[in-house]
Amino acid sequence: MWKVPCRPRQDNTWFVSYLDPIAIHSRARDRLPDGKTWSGQANFLHEVEFHFIPNDTQFGQQQYLHNTGQNGAVAGADIQVENAWDITTGKPEVVIAIIDTGVDIDHPELDFTKGKIFINPGESGSGRETNGIDDDGNGYIDDVNGWDFYSQDNNPRPGLIPEAGPAHGTGTAGIAAAQGNNSQGVAGVAYGCRILPIKISSDGGTNFPSDFNLGRAIRYAADYADVLSSSWGGAAQSDAVNSAIDYATTSGRNAKGAPPFFSSGNAKSWWVYRFPINAASGSYCLSFYFQVGPSGGGGPVALDNISLLAEDEYTYLEPFFPRVTFEGGIIPAGWSVLLGGGATRDWALWDGTVVPGESYIPDKQFHGTPSTWCLRAWQPGSPPPGSWAEFRSPYMTLNGLYWLRFAEFNNIFTPDAVYQVRLLDTQGQVVQTLGSMKQGAYNGNDDRVQYPAIYANSIAIGAITDNDRYPNYSRYWLTLNPAVTGLFCVGPSNEGWNDVTTLDIAGQNGQNGGNVRHYFGGTSSACPCVAGVGALILSKNSELTLQQLKDALKNGCEQVGDETYVDGKALHYGYGRANAYRSFTVIRSQT
Ligand SMILES: [Ca+2]
Ligand SMILES: [Ca+2]
Ligand SMILES: [Ca+2]
Ligand SMILES: [Ca+2]
């Protein structure tokens with residue numbers, strides 16, 4: 001007899017139990033309505049541990065998704081998405097608006113012809129895409145795949161020029177939903193979901209529309225998308241933008257409320273640089289060269305965590321594998337300090353102790369590392385104009401393309417000071433200036449969450465490194481409204497041991513000549529990462545209200561990082577690091 005004809009599912013799969021397994025096929029046929037066919041298979045019970053790993057060629061470099069401890073990162077410091085993917089990789093009905101510099105919808109990983117991009121049903125079919133008529137009467141002509149709110153046209157693509165600026169939106173879109181498990185490139189967090197590209201910049205990625213048009217962009221996103229991801233900010237408060245955010249949270253998703261994720265903004269003192277090296281076969285050394293300019297004055301600079309990466313922009317190489325950290329107060333063997341022009345104490349080891357009388361100090365160590373020591377160039381009093389200090393690596397054999405990666409702090413405040421990284425030949429001559437550090441990169445202590453992330457109805461997303469440390473750039477301060485916290489939660493990003501690998505504009509355009517980039521990060525990266533988690537949660541349960549979605553995100557967060565959580569929150573991390581699988585577990589218990 002039938003024990004239980006149970007678990008009918010929408011896809012016409014039934015789970016049945018029968019005491020006589022031999023007879024199950026004939027009995028099942030007997031009970032089917034006319035015209036229906038039957039196929040069945042045994043359902044063996046066994047212990048399984050799911051860990052779906054997609055076949056994307058660079059998935060192993062996406063430590064923000066699956067952190068195995070790459071290059072010194074902390075295993076597990078990720079959003080635990082591979083476990084969530086066993087339940088859903090995102091549904092195409094769930095749409096993520098990427099409000100940014102435009103999205104490369106011709107990219108093979110975001111291909112609008114292959115269902116990766118939202119299609120406006122009111123502007124598609126029967127030639128409505130290109131008839132020059134606003135067929136759906138929404139105020140936008142032929143808006144079939146998003147809208148450009150800067151140029152006011154229906155082309156949401158970025159500027160196609162070989163520069164990194166326009167590639168920002170393709171990078172954020174890739175983190176959220178690059179096509180996964182397609183044997184190429186990367187996998188997005190919610191790669192089964194679709195992207196709605198909302199362009200809010202000029203082709204160069206540098207100019208932005210009026211507050212009025214920013215408001216229209218957010219309202220448009222709220223009308224068609226389930227999740228809004230905005231990796232921008234810094235302007236003054238605006239009623240147009242505030243009311244659009246309110247509109248998303250109240251009218252979005254058929255009045256269930258669409259989550260408006262905003263990056264908290266980047267600030268502060270330490271930076272990770274990458275400079276390209278292009279060397280003909282030979283022996284070279286690196287020089288970090290700092291010279292006080294003719295107008296005098298200096299300001300402290302500091303240096304830490306020097307690595308050499310392969311041409312692939314990811315693999316750490318000898319001769320200082322994985323990195324020079326100065327830990328224990330030791331200058332590594334073979335490195336040397338040269339002084340000249342009257343300099344007396346530049347490029348010395350420093351343990352982070354505040355030096356009395358200094359008006360400008362690197363106020364914090366490089367938080368992305370467990371490091372205490374760094375190398376620091378600073379001279380008390382008035383260093384003589386023209387005095388210089390050089391920190392030289394040992395000689396090494398190079399041949400071809402490499403990347404030099406290092407962490408740097410500087411507060412050089414005179415425009416004529418020189419702070420460069422150089423490649424020297426065996427005669428000590430400069431054969432290539434790899435790059436210059438920007439003057440005054442240190443920008444004070446304004447760590448406040450930027451607007452619009454700071455707005456009460458926004459969801460502000462900060463960043464955490466791949467070793468669960470505060471990355472120093474991630475803005476976190478509380479809002480002026482004590483009832484509202486500055487930061488909701490954090491997503492894994494750069495300034496630990498690895499940067500963020502995501503999509504680049506396809507081909508020669510964008511940050512590099514390929515389809516993928518390896519040097520992305522900031523809160524710009526953390527925001528679409530968490531927005532992707534939000535899209536996965538809504539793919540699992542589309543009925544959640546905005547508040548339920550926020551609760552699922554919040555209760556899934558891991559309380560990680562190097563500080564104490566009070567009432568569930570930490571100053572630099574909000575509710576903690578987003579975790580897709582834990583949020584799924586929370587929803588299971590909620591529903
Ligand atoms: Ca229209
Ligand atoms: Ca039309
Ligand atoms: Ca892929
Ligand atoms: Ca490219």
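Residues numbered from 1 in each chain as written. Chains lettered and ligands numbered in written order. Predicted model: local features only at pLDDT ≥ 70, side-chain atom pairs only at ≥ 80, totals over all residues.

A. View of unusual backbone geometry. Along the chain, Glu318 connects to Pro319 via a cis peptide bond; the corresponding omega equals 15°. Within the secondary structure, Pro319 is located in the loop between β10 (316–317) and β11 (336–340). Look at the link from Tyr451 to Pro452: it is a cis peptide, with omega at 5°. Phi is positive for Asn254, which is not a glycine, with a value near 50°. Tracing the backbone through its elements, the reader meets Asn254 in helix α5 (residues 239–255). Located in the positive-phi region is Glu495, a residue other than glycine, with phi close to 80°. Within the secondary structure layout, Glu495 lies in the loop between β19 (489–492) and β20 (500–503). Glu495 sits in the buried class, given 30 other C-beta atoms within 10 Å. (Helix = DSSP H or I, 4+ residues; strand = E, 2+ residues; numbered from the N terminus. Buried ≥ 20, exposed ≤ 12 C-beta atoms within 10 Å, placed from the backbone.)

B. Structural view of helix α7 (residues 546–556). For α7, the full list of buried residues reads Leu546, Leu549, Lys550, Ala552, Leu553 and Gly556. Looking straight down α7, one finds its buried side chains confined to an arc of 160°; they lie on one side. (Arc of directions from axis to C-beta.)

C. Molecular detail of the pairing of strand β16 (residues 418–424). Here β16 lies mainly inside the structure; five of its seven residues are buried. Pairing analysis gives five bridges linking β16 to strand β17 (residues 430–436), with the strands arranged antiparallel. Within β17, the residue paired with Gln420 across the bridge is Ser436. Following β16, the chain reverses through five residues before pairing antiparallel with β17; Gly428 in that reversal takes a positive phi of roughly 80°. (Pairing = 2+ DSSP bridges.)

D. Quick look at the sheet that holds strand β7 (residues 260–263). Within the open sheet, the seven strands sit side by side as β4-β5-β3-β6-β7-β18-β19. Their pairing is parallel. Both edges of this open sheet fall to β4 (147–148) and β19, since each of them pairs with a single strand only. Here strand β18 (residues 459–464) runs beside β19; their pairing, made up of four bridges, is parallel. Each bridged residue has a counterpart across the sheet, and for Gly462 the counterpart in β19 is Val490. Packing against the sheet, helix α3 (residues 168–177) makes contact with β3 (95–100), β5 (194–199) and β6 (227–230), and its axis sits at approximately 160° to β3. (Contact = placed C-beta atoms within 7 Å. Axes fitted to C-alpha atoms, helices over the stretch in contact; angles between N-to-C directions.)

E. Spatial organisation of the packing of helix α4 (residues 211–224) against α5. Contact geometry for α4 and α5: axes closest at 8 Å, N-to-C directions at 5°. The orientation of α4 relative to α5 falls into the category roughly parallel. Between α4 and α5, the contacting residues are Asp211, Phe212, Leu214, Gly215, Ile218, Arg219 and Ala222 on the first element and Ala240, Val241, Ser243, Ala244, Ile245, Tyr247, Ala248, Ser251 and Gly252 on the second. Partitioned by chemical class, the residues of the contact of α4 with α5 number 10 nonpolar, four polar and two charged. (Parallel < 35°, antiparallel > 145°, perpendicular 65-115°, else oblique. Nonpolar A, V, L, I, M, F, W, Y, C, P; charged D, E, K, R; others polar.)

F. Quick look at the environment of Gln420. Residue position: Gln420 is located in strand β16. The exposure class assigned to Gln420 is partly exposed, which follows from the 17 C-beta atoms found within 10 Å. With 13 residues separating them in the primary sequence, Gln420 and Thr433 have C-alpha atoms 7.1 Å apart. Excluding its chain neighbours within four sequence positions, the residues that come into contact with Gln420 are Tyr289, Thr433 and Ser436.

G. Representation of helix α6 (residues 522–540) within the structure. In a regular helix each residue adds 1.5 Å, so 19 residues correspond to 27 Å; α6 covers 28 Å between its end C-alpha atoms and thus fits that length. The buried count for α6 comes to 19 of 19 residues, which makes it a mostly enclosed element. (Expected span 1.5 Å × (residues − 1).)

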